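The primary structure of each chain is shown beneath.
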Amino acid sequence: MMHRTMPRVGRHAAARCMAPVRTRGVRVQAAGLAVDLRGKKAFIAGVADDQGFGWAIAKNLLEAGAEVSLGVWVPALNIFETSYRMGKFDKSRKLSDGSMMEFKHIYAMDAVFDTPEDVPEEIKTNKRYAGNAGYTVSEVAAKAAADSGKFDVLVHSLANGPEVVKPLLEVSRKGYLAASSASAYSMISMVQRFGPHMNEGGAVISLTYNASNQTIPGYGGGMSSAKAQLESDTRVLAYEAGRKYKIRVNTISAGPLGSRAAKAIGFIDDMIRYSYENAPLQKELTAMEVGASAAFLCSPLASAITGHILFVDNGLNTMGLAGDSKALGAAGAK
């Protein structure tokens, strides 16, 4: 099965943008200066459950009135759709007006393959890919455009490093290049293929992490390099896609979140505690805060912002010294 057509967002979509809405502490005021995405169409690649940043971005875009389609990694598609149908996401699907999140289309997608010719035989015959076809970036972009017309928002919420638990000194060439392919080049491929199907003034968003700029021991497998590539590519694509397609390209550098994907690195709980103790804002980051920031960047309110790395991390990126370090002694608590 190549893609699914989901029920249209209900009649409440417009009403959601005519009154204040609140999403876990993030308030979007429609009267006056509004995040208004009514009539806009968004494609989000990389949603596999209801816990991560991709889901939170989808929810905020829907709150703002946008129509949202998803590209779900092929091996995760069946469990995602099953959980969706069985109501396992119902609590997090509820929008501020009481209606439920609905996706226009859900496509099988694997962004490490650009064209059908790139798919190796071992993937074609893999049982986790059985029953799916047309999941390369070029095929998904073509199908999505045929189904929905032009898009206004493109979200890259993809990252994978098969050797992420290995320090850089132990990473194989294959593992390093795989991290770059899945986490960085995939955005280039998406902009190449979706760019012609985007309206002028559209926005591209990706997600990065500050290991691109600072050493984070334990964040291995070449993922720190992949995030640095992603940020560099954001700047270059902002220029090239801005000139060619008149769209904006930005990335959000999010703080640590205990999502299912983040748990793969093995020490995410420690990073959350570290952030809480050392960030200027002493609170845990929520996925919805990142989602609200993405909605802003995709809106006309951010029409002059492109090539930018927006930190949404309670200010942790500004800190050059860990105040809770034992090496500081009593002075660290001041």
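Just so it is clear, the structure is predicted and the values come from calculations on it, not from any experiment.

Some details on helix α3 (residues 74-85)
And step 1. Compared with an ideal rise of 1.5 Å per residue, which puts 12 residues at 16 Å, α3 spans 17 Å between its outermost C-alpha atoms and is within 8% of the ideal.
And step 2. At the exit of α3 stands glycine 87, carrying a positive phi of roughly 85 degrees.

Observations concerning the nonpolar core
Taken as a class, soluble globular proteins show a tendency for nonpolar side chains to be buried jointly.
And step 1. Grouped together as the largest cluster of nonpolar side chains are 51 residues, with contacts concentrated most on Ile44, Leu61, Val68, Leu70, Phe80 and Phe103.
And step 2. Tallying contributions element by element places helix α2 (residues 53-63) first for this core, with 7 residues.
And step 3. In contact with leucine 61, other than residues within four places in its own chain, are Leu37, Ala42, Ile44, Ala66, Val68, Val153, Ala295 and Cys298.
And step 4. Ranked by size, the runner-up nonpolar core spans 26 residues in total, among them Tyr107, Val140, Met187 and Ala238.

Structural notes on the packing of aromatic side chains
And step 1. Here the structure, examined in full by the defined rule, presents 11 aromatic pairs.
And step 2. Here the aromatic rings of tyrosine 209 and tyrosine 219 are separated by 5.0 Å at their centres, their planes lie at 65 degrees, and the arrangement is edge-to-face. Taken together, the residues span a long stretch of sequence, with tyrosine 209 in the loop between β8 (198-208) and α8 (223-245) and tyrosine 219 in the loop between β8 and α8 at a distance of 10 residues.
And step 3. Residue classification places tyrosine 219 among the buried positions, given a relative accessible area of 12%.
And step 4. Members of the aromatic cluster, each reached through a chain of ring pairs, are Trp55, Phe80, Tyr84, Phe89 and Phe103.
And step 5. Across from the ring centre of tyrosine 84, 4.5 Å away, lies the NZ or CZ of arginine 93, which sits over that ring.

Describing the side chain of lysine 59
And step 1. With respect to the helices and strands, the residue lysine 59 is situated in helix α2.
And step 2. Glutamate 63 provides the closest opposite charge to the buried, unpaired lysine 59, separated from it by 5.8 Å.
And step 3. If we skip the residues at most four places from it in the chain, lysine 59 touches Ser92, Lys94, Leu95, Met101 and Met288.

A few points about the environment of alanine 322
And step 1. Along the chain, alanine 322 turns up in the segment after β10 (309-312).
And step 2. Exposure remark for alanine 322: the relative accessible area of 16% places this residue in the buried category.
And step 3. Measuring from C-alpha to C-alpha, the distance between alanine 322 and asparagine 278 comes to 5.8 Å, with 44 residues separating the pair along the chain.
And step 4. Apart from the residues lying within four places of it in its own chain, the contact partners of alanine 322 are Tyr274, Asn278 and Leu328.

Some words on the pattern of salt bridges
And step 1. Under the criterion given, the structure shown has 6 salt bridges.
And step 2. Note that glutamate 102 is salt-bridged to arginine 93, the shortest N-O span being 2.9 Å.
And step 3. Arginine 93 sits in the buried class, given a relative accessible area of 7%.
And step 4. Lysine 166 is the salt-bridge partner of glutamate 163, the closest N and O atoms lying 3.8 Å from each other.
And step 5. The network of salt bridges with common partners includes Asp90, Arg93 and Glu102.

Thresholds, definitions, all that
- Residues numbered from 1 in each chain as written.
- Predicted model: local features only at pLDDT ≥ 70, side-chain atom pairs only at ≥ 80, totals over all residues.
- Heavy atoms only, no water.
- Helix = DSSP H or I, 4+ residues; strand = E, 2+ residues; numbered from the N terminus.
- Expected span 1.5 Å × (residues − 1).
- Core = buried A, V, L, I, M, F, W, Y, C linked by side-chain atoms within 4.5 Å.
- Buried < 20%, exposed > 50% of the residue type's maximum accessible area, 1.4 Å probe, protein only.
- Contact = heavy atoms within 4.5 Å.
- Phe/Tyr/Trp six-rings, centres within 6.5 Å; stacked < 30°, edge-to-face > 60°.
- Lys NZ or Arg CZ within 6 Å of the ring centre and 35° of its normal.
- Lys, Arg positive; Asp, Glu negative; His and termini not counted.
- Salt bridge = Lys/Arg side-chain N within 4 Å of Asp/Glu carboxyl O.

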